[in-house]
Amino acid sequence: MAIRAIEVKGLRKTYRKVEAVRGIDLHVEVGEVFALLGPNGAGKTTTVEILEGYRKRDAGEVQVLGTDPETNERSFKERIGIVLQETSVDPFFTVREVIELYGGFYPNPLPVDEAIEIVGLTDKADERIRRLSGGQQRRLDVALGLAGNPELLFLDEPTTGFDPSARRNAWQMVKDLQSLGKTILLTTHYMDEAQMLAGRVAVIARGEIVAEGPPDALGGRDVAGTKISFVLPPGSPSPPPQVAGNFQILGNSWRSETDAALPILHELTGWAVNNNVELRSLQVSQPTLEDVYLALTGGERDGASESQTVADLAGGKSETGRSR
Ligand code: ATP
């Protein structure tokens, strides 16, 4: 059987009193884009840093590209790329110079022009970093993650702070990377991003995976009832009982959640057309990924399994993770 890009079983990590990761199982296939979702403090960064070899686990089995990342072998580090939310590089370097510099640490770097082109910075190749816009700097961060031509790329919230068009460009970039055969593990707080990019997602809450699967099917989205809603203008006649019986009516607003949307819509719209009734704001929808996510995580803000003690806070964080 082919080796998976990532295979994790029973992963656990505790920082003093905080059980950050409480028995996680997950796998990522080669060539897949996999997204980790979860509220602040859910354990995403801890998990990802263990996979990258930047943190030690307390328990569990972890294989990344067929290697235990904890062994910290150079040959392993050369096969992964990490894109953090912020990279600190000398602002007086040009884009080309800094990518060349990073690539120099690897045995088989991506040609510099290719890295620049993938992230769409060709016309800024000779610009100094301090002159780049925020969005362009984030593209450069991705180029630095790609400099060593990694098989597996870790992308940490890749579009935080982007304007809508920059986000679309970044999404296209991730798709292009996937078509080059890269495996991508993405953490994000944006549901539309996960929906757009990931073949599968896992939702982490309080250190555990509470749901996992393709975004379209997560939490049974694909088989959940369809919501139908519309507003009936004042003075309109009421739909016949065989239609009206399926709806809850609040003032002029009509709502239904049903497993038989098609016949109800057929009757409803047929009646509306025949009687010349306008169905204002007619909407037919499945639960969104965000609906499912909020239901799974209880809409929580802080997902840590135990609150930090005063001693923890006074002592600060007990370990430091990766940074560039
Ligand atoms: P966010 O979305 O806010 O980045 P996250 O899902 O990445 O959150 P983690 O950073 O993994 O969450 O944190 C999980 C829990 O572990 C939190 O309660 C956090 O305070 C705690 N924690 C993380 N790193 C450390 C550390 N080095 N020392 C002590 N506690 C830590």
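This one's a predicted model, so the numbers in the text were calculated from it and none came from an experiment.

S.K.: Before we move on, can you summarise the overall build of the chain with the specific residues and values?
M.R.: Within the chain, the secondary structure is distributed over eleven helices and 13 strands. In terms of principal-axis extent, the alpha carbons of the chain reach across some 75 × 50 × 45 Å. Within the chain, the proportion of its 324 residues that are buried is 45%. Sequence separation of at least 24 residues holds for 70% of the intrachain contacts in the chain that already meet a minimum separation of 6.

S.K.: Before we move on, could you go through the side chain of Ser229 and cite the residues and values that matter?
M.R.: Assignment of secondary structure puts Ser229 in strand E10 (residues 226-231). In contact with Ser229, not counting residues within four places along its chain, are Trp254, Arg255, Ser281, Leu282 and Gln283.

S.K.: Lay out helix H1 (residues 44-52) with the relevant residues and their values.
M.R.: Along an α-helix, residues three or four positions apart point the same way, because every turn accommodates 3.6 residues. Within H1, eight of the nine residues are buried, leaving the element largely enclosed by the surrounding structure. Every buried residue of H1 is accounted for by Lys44, Thr46, Thr47, Val48, Glu49, Ile50, Leu51 and Glu52. Phi for Gly53, located one or two positions after H1, is positive at around 90°.

S.K.: Please give an account of the environment of Leu250 that cites residues and values.
M.R.: Tracing the chain through its elements places Leu250 in strand E11 (residues 248-250). In this structure Leu250 comes out as exposed when scored by relative accessible area, which is 70%. The sequence separation of Leu250 and Val231 amounts to 19 residues, and the corresponding C-alpha distance is 9.6 Å.

S.K.: Lay out the side chain of Arg221 with the relevant residues and their values.
M.R.: In this fold, Arg221 is placed in the loop between strand E9 (208-213) and E10. No salt bridge is formed by the buried Arg221. Its closest oppositely charged neighbour is Asp216, at 4.0 Å. A distance of 2.9 Å separates a polar side-chain atom of Arg221 from the backbone oxygen of Pro287. Residues in contact with Arg221, not counting those within four places in the same chain, are Gln195, Pro215, Asp216, Gln286, Pro287, Thr288, Leu289 and Val292.

S.K.: Account for the confidence of the model for the chain, with residues named and values stated.
M.R.: It should be kept in mind that the predicted coordinates are not to be read in detail where pLDDT is low. Residues with a pLDDT of 70 or more make up 92% of the chain, whose mean pLDDT is 88. Segment residues 301-318 is flagged for pLDDT under 50; beyond a separation of four residues in sequence, or across chains, it makes 29 contacts in the model.

S.K.: Describe the nonpolar core, and please don't skip the residues or the numbers.
M.R.: In this structure, Val98, Ile99, Leu140, Leu146, Leu155 and Ile184 are the most contacted members of the largest nonpolar core, which totals 44 residues. Per-element tally for this core: the top contributor is helix H5 (residues 134-146), with five residues. If we skip the residues at most four places from it in the chain, Leu140 touches Val95, Val98, Ile99, Leu121, Ile129 and Leu132. Listed in part, the 28 residues of the second largest apolar core include Phe34, Phe76, Ile80 and Ile82.

S.K.: I'd like a rundown of the packing of aromatic side chains, residues and numbers included.
M.R.: For the coordinates displayed, the defined rule picks out four aromatic pairs. Each ring, one from Phe230 and one from Phe247, has its centre 5.4 Å from the other, and the planes form 75°; the classification is edge-to-face. Remark: Phe247 occurs in the loop between helix H8 (241-244) and E11 and Phe230 occurs in strand E10; sequence separation between them is 17 residues. Its relative accessible area of 2% is what places Phe230 among the buried residues. For Phe247, a relative accessible area of 8% translates into the label buried. Put simply, the rings of Phe230, Phe247 and Trp254 touch in pairs and so form one group of aromatic residues. Taking the ring centre of Tyr54 as reference, the NZ or CZ of Lys77 above it sits at 4.1 Å.

S.K.: Could you give me a rundown of the pairing of E9, with the residues and numbers involved?
M.R.: Pairing analysis gives five bridges linking strand E8 (residues 200-205) to E9, with the strands arranged antiparallel. Residue pairing for E9: Ile204 is matched across the bridge by Ile209. If you look at the hairpin formed by E8 and E9, you'll find two residues sitting between the two strands, and Arg206 has a positive phi there, around 50°.

S.K.: I'd like to hear about the sheet that holds E8, residue by residue, with values.
M.R.: Ordered in space as E5-E6-E7-E3-E8-E9, the six strands form an open sheet in which the pairing is mixed. What marks the edges here is a single partner per strand, and that holds for strand E5 (80-83) and E9. The sheet shows a mean angle of 15° between the axes of neighbouring strands, taken without regard to direction. Two elements, E5 and strand E6 (residues 152-156), share four bridges in a ladder whose sense is parallel. Each residue of the ladder has a partner; that of Ile80, found in E6, is Leu152. Strands in contact with helix H10 (residues 289-297) are strand E3 (33-37), E8 and E9; relative to E8, the strand with the most contacts, it is inclined by about 30°.

Cut-offs used in this document
- Residues numbered from 1 in each chain as written.
- Predicted model: local features only at pLDDT ≥ 70, side-chain atom pairs only at ≥ 80, totals over all residues.
- Heavy atoms only, no water.
- Helix = DSSP H or I, 4+ residues; strand = E, 2+ residues; numbered from the N terminus.
- Buried < 20%, exposed > 50% of the residue type's maximum accessible area, 1.4 Å probe, protein only.
- Contact = heavy atoms within 4.5 Å.
- Lys, Arg positive; Asp, Glu negative; His and termini not counted.
- Salt bridge = Lys/Arg side-chain N within 4 Å of Asp/Glu carboxyl O.
- Polar contact = N/O pair within 3.5 Å; in protein donor to acceptor, adjacent residues only side chain to side chain.
- pLDDT = per-residue confidence, 0-100.
- Core = buried A, V, L, I, M, F, W, Y, C linked by side-chain atoms within 4.5 Å.
- Phe/Tyr/Trp six-rings, centres within 6.5 Å; stacked < 30°, edge-to-face > 60°.
- Lys NZ or Arg CZ within 6 Å of the ring centre and 35° of its normal.
- Pairing = 2+ DSSP bridges.
- Axes fitted to C-alpha atoms, helices over the stretch in contact; angles between N-to-C directions.

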